[in-house]
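Commentary on secondary and tertiary structure
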Amino acid sequence: RLEASLDTSELDKLAGELAAEHALGDDLEELSSRRSAPATPTRRPNRSAETTPDQWRTAVGPDEAARYDDEWRQLEDEHNDLLALLAQQELEKNAMAEVLRARVGPAAVSDVKRDAERDCVDRYGMYVDYSERPGGGDDELITLTHAVAGGDADSYDA
């Protein structure tokens, strides 16, 4: 048995709040029953995205199209230059690793790689290691190392 020690004004106040909550619930239920579910729009293909290069050139004008073509070629040339630079650095890195391995030993190569990884994480926040998978093969194992809040580094294999 529950005994209440509330006076009449407190009970009246609680009864009023309860009645208001019920009225609000009834209003919401009525509103939701009147609303029908929104119709799903039918999907139509975007015909404007299917333009040909000639239509595009006509739309932007021949001078602007020529400017975009020039910018695209410059960007593509810069991209190819960067790829060539990366390939050159890879060849140089491999040659230096072979000399170091032959003259000092394999442990020295591991030490240099570990130092480079630490420096890269400190400077850039991450390190990407491309090395061969154990067991040979042409597939590459990509290990991403990035700095975490505590100053430690986490490694993830992709």
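Quick summary incoming for the structure in this document. Since the structure is predicted, the reported quantities are computational estimates derived from the model, not experimental observations. (Residues numbered from 1 in each chain as written. Predicted model: local features only at pLDDT ≥ 70, side-chain atom pairs only at ≥ 80, totals over all residues. Heavy atoms only, no water.)

**Quick notes on helix α4 (residues 106–124)**
- Helix length check: α4 (19 residues) gives 27 Å between terminal C-alpha atoms against 27 Å at 1.5 Å per residue, within 8%.
- With its phi angle positive at about 85 degrees, Gly 125 sits one or two positions after the end of α4. (Helix = DSSP H or I, 4+ residues; strand = E, 2+ residues; numbered from the N terminus. Expected span 1.5 Å × (residues − 1).)

**A word on the pattern of salt bridges**
- All told, the structure shown has 7 salt bridges when counted by the stated rule.
- Measuring nitrogen to oxygen at the nearest pair gives 2.8 Å for the salt bridge that ties Glu 71 to Arg 67. With Glu 71 and Arg 67 both in helix α3 (residues 62–103) and 4 residues apart, the pair spans about one turn of that helix.
- A relative accessible area of 40% means that Glu 71 is categorised as partly exposed.
- For Arg 67, a relative accessible area of 41% gives the class partly exposed.
- Taking the shortest distance from any N to any O, the salt bridge between Arg 118 and Asp 115 comes out at 3.3 Å. Of this pair, Arg 118 and Asp 115 are both found in helix α4, 3 residues apart, which corresponds to roughly one turn of the helix.
- By sharing partners, the salt bridges in this structure join Glu 64, Arg 67 and Glu 71 into a single network. (Salt bridge = Lys/Arg side-chain N within 4 Å of Asp/Glu carboxyl O. Buried < 20%, exposed > 50% of the residue type's maximum accessible area, 1.4 Å probe, protein only.)

**A word on the packing of aromatic side chains**
- Taken as a whole, this structure holds 0 aromatic pairs when the rule is applied.
- Lying over the aromatic face of Tyr 68, Arg 67 brings its terminal NZ or CZ to 4.8 Å of the ring centre. (Phe/Tyr/Trp six-rings, centres within 6.5 Å; stacked < 30°, edge-to-face > 60°. Lys NZ or Arg CZ within 6 Å of the ring centre and 35° of its normal.)

**Let's talk about the layout of surface pockets**
- In this structure, the largest pocket encloses a volume near 930 Å³.
- The wall of the largest pocket is formed by 25 residues, among which Gln 89, Glu 90, Lys 93, Asn 94 and Tyr 127 lie closest to the centre.
- Elements that contribute at least two residues to the lining of the largest pocket include exactly α3, α4 and β1 (126–132).
- Per element, the largest residue contribution to the lining of the largest pocket is 12 residues, and it comes from α3.
- Its residues assigned to classes, the lining of the largest pocket shows 14 nonpolar, 3 polar and 8 charged.
- Estimates place the volume of the second largest pocket at around 170 Å³.
- Listing elements by their share of the lining of the second largest pocket, those giving two or more residues are α4 and β1.
- A total of 6 residues in the lining of the second largest pocket trace back to one element, the largest contributor, which is α4.
- Residue composition of the lining of the second largest pocket, by class: 3 nonpolar, 1 polar and 5 charged. (1 Å grid on protein atoms, 1.4 Å probe; cavity = no way out; pocket = protein on both sides within 12 Å on 5 of 7 lines; lining within 4 Å. Points joined across faces, edges and corners; volume = space filled by probe spheres on them. Nonpolar A, V, L, I, M, F, W, Y, C, P; charged D, E, K, R; others polar.)

The values reported here are purely geometric and, on their own, carry no functional implication.
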